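Spelled out, the chains give:
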Amino acid sequence: MRRFFIDRQAIAGSRAFLAGTDAHHLLRVLRLKTGDEVELFDGSGMVYQAKIEGGDLHRVELAVLAASDTPPDRLAIHLGQAMLKGKKMDLVVQKCTELGVRAIHPLLSTHTKNPAPGPEKLARWQRIIQESCKQCNQPWPPTCHPARSFAEVLAAGEGCDLRLICWEQPEAPPLRSVVNSLAIPRSIMVLIGPEGGFSTEEIAQARAAGFLAVGLGRRILRAETAAIAVIALLQYIFNDLD
Ligand code: SAM
């Protein structure tokens, strides 16, 4: 089933329309035609089954056949990800969207080598999020914040029930031992460092702000691997994959 994001304003009762690049993509690229059915996401959990009724490359008219409201995942995971080189952030944004994170918080830390993303990179990440949501049938696209300082992302985590900073040093207690005895949280903020890792001062600053340092095993993972792994592990540990 082909899926499209649609503005709420483009749906009125049992009628809806897709315009611009979506209309062109639907007719020219996907070669869908009148009578074919598609799914429409409005980005707030609503999923509409709709049938193409006609139109042109600028505007396609659809009839809404059914609507369903998908609640957000029970566990809200916020990923604080230090800016990474090249396309690695694209991979993190794509995989964490598939894994159902609630928000991505790009951060600038001591050893971050990359500058804050400009508007074009943020726009690319939005496209990656939308494409991933369509592909994995996720009607709740994560929020991707602009890059902020390490301290600002620590502060952004204050509202989370559980706050973790992933630390590859041997003194970091294993994730399982840290979270095993905890009540199931409703929200988690987990931080992953850049290629050069977090500084010891940042680890201390995070701990002072209520973050728990956790290890993900004795191997040193690439940051993008650690981000994907820790989100899947947290969902498994807190039963959010059932
Ligand atoms: N500077 C480190 C080194 O070369 O030893 C590597 C940093 S690692 C490439 C990037 C980030 O991934 C780290 O800051 C940490 O957040 C996370 N990470 C990687 N391996 C980890 C592990 N075994 N346990 C916990 N976190 C890990």
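Coordinates for the structure precede this section.
Residues numbered from 1 in each chain as written. Predicted model: local features only at pLDDT ≥ 70, side-chain atom pairs only at ≥ 80, totals over all residues. Heavy atoms only, no water.

Visitor: So, the overall build of the protein chain: which residues are in play, and what are the values?
Guide: Broken down by element type, the protein chain carries seven helices and 13 strands. Taking the principal axes of its C-alpha atoms as reference, the protein chain extends roughly 65 × 35 × 30 Å. In the protein chain, the proportion of contacts linking residues at least 24 apart, taken out of those at least 6 apart, comes to 76%. Approximately 11900 Å² of the protein chain is accessible, and the part contributed by carbon and sulfur atoms is 53%. (Helix = DSSP H or I, 4+ residues; strand = E, 2+ residues; numbered from the N terminus. Contact = heavy atoms within 4.5 Å. Areas by Shrake-Rupley, 256 points an atom, 1.4 Å probe, with all protein chains shown as cover.)

Visitor: How would you sum up the site of the ligand? Please name residues and give values.
Guide: Close contacts around the ligand come from 19 residues, with C166, L216, G217, R219 and L221 the closest. One nitrogen or oxygen atom from the main chain of C166 is found 2.7 Å from an oxygen atom belonging to the ligand. A distance of 3.1 Å is found between a nitrogen atom of the ligand and a backbone nitrogen or oxygen belonging to G196. Classifying every residue of the shell around the ligand by side-chain character gives 11 nonpolar, five polar and three charged. (Near = heavy atom within 4 Å. Polar contact = N/O pair within 3.5 Å; in protein donor to acceptor, adjacent residues only side chain to side chain. Nonpolar A, V, L, I, M, F, W, Y, C, P; charged D, E, K, R; others polar.)

Visitor: Now, about the side chain of Q81: what can you tell me, with residues and values included?
Guide: Along the chain, Q81 falls in strand 7 (residues 76-82). Apart from residues lying up to four places away in sequence, Q81 is in contact with M89, V92, H105, P106, L107, I192, G193, A223 and A227.

Visitor: Explain the nonpolar core to me, using residue names and the numbers behind them.
Guide: In this structure, L164 and L234 are the most contacted members of the largest nonpolar core, which totals 37 residues. Elements represented by at least two residues in this core include exactly strand 7, helix 2 (88-98), helix 3 (119-136), strand 11 (162-166), helix 5 (175-179), strand 12 (187-192) and helix 7 (223-237). By residue number, the principal contributor to this core is helix 7, which donates seven residues. Two domains each provide a minimum of three residues to this core, namely domain 1 (3-69) and domain 2 (76-237). Those residues in contact with L234 that sit more than four places away from it in its chain are L75, I77, L164, L175, I188 and V190. Core analysis: the next-biggest nonpolar cluster, separate from the first, contains 20 residues, L18, L40, I52 and L62 among them. (Core = buried A, V, L, I, M, F, W, Y, C linked by side-chain atoms within 4.5 Å. Buried < 20%, exposed > 50% of the residue type's maximum accessible area, 1.4 Å probe, protein only. Domains from an automatic or database assignment.)

Visitor: Tell me what's going on with the environment of S181, and back it up with residues and numbers.
Guide: By secondary structure assignment, the location of S181 is in the loop between helix 5 and strand 12. Its relative accessible area of 66% is what places S181 among the exposed residues. Along the primary structure S181 and T143 are separated by 38 residues, whereas in three dimensions their C-alpha atoms are 30 Å apart.

Visitor: Go over the sheet that holds strand 2 (residues 11-12) with me, naming the residues and quoting the values.
Guide: The mixed open sheet is built from six strands, whose spatial order is 1-4-5-6-3-2. Because the sheet does not close on itself, it has two edges, and the strands there are strand 1 (3-5) and strand 2. Note: strand 5 (residues 46-55) against strand 6 (residues 59-69), nine bridges, orientation antiparallel. Of the residues in strand 6, the one forming a bridge with I52 is L62. Of the strands in this sheet, strand 1, strand 3 (15-19), strand 5 and strand 6 touch helix 1 (residues 20-29), which is tilted by about 90 degrees from strand 3. Here helix 3 sits on the sheet in contact with strand 1 and strand 4 (37-41), set at roughly 145 degrees to strand 1. (Pairing = 2+ DSSP bridges. Axes fitted to C-alpha atoms, helices over the stretch in contact; angles between N-to-C directions.)

Visitor: Residue-level account of the packing of helix 2 against helix 3, with values.
Guide: Across the interface, helix 2 lies against helix 3 with an axial gap of 9 Å and an inter-helix angle of 35 degrees. Handedness of the crossing formed by helix 2 with helix 3: right-handed. Counted together, M89, D90, V93, Q94, T97 and E98 of helix 2 and R124, W125, I128, I129, S132, C133, Q135 and C136 of helix 3 form the full contact between these two elements. When grouped by side-chain class, the residues that make up the contact of helix 2 with helix 3 number seven nonpolar, four polar and three charged. (Left-handed = near helix turned anticlockwise from the far one by under 90°.)

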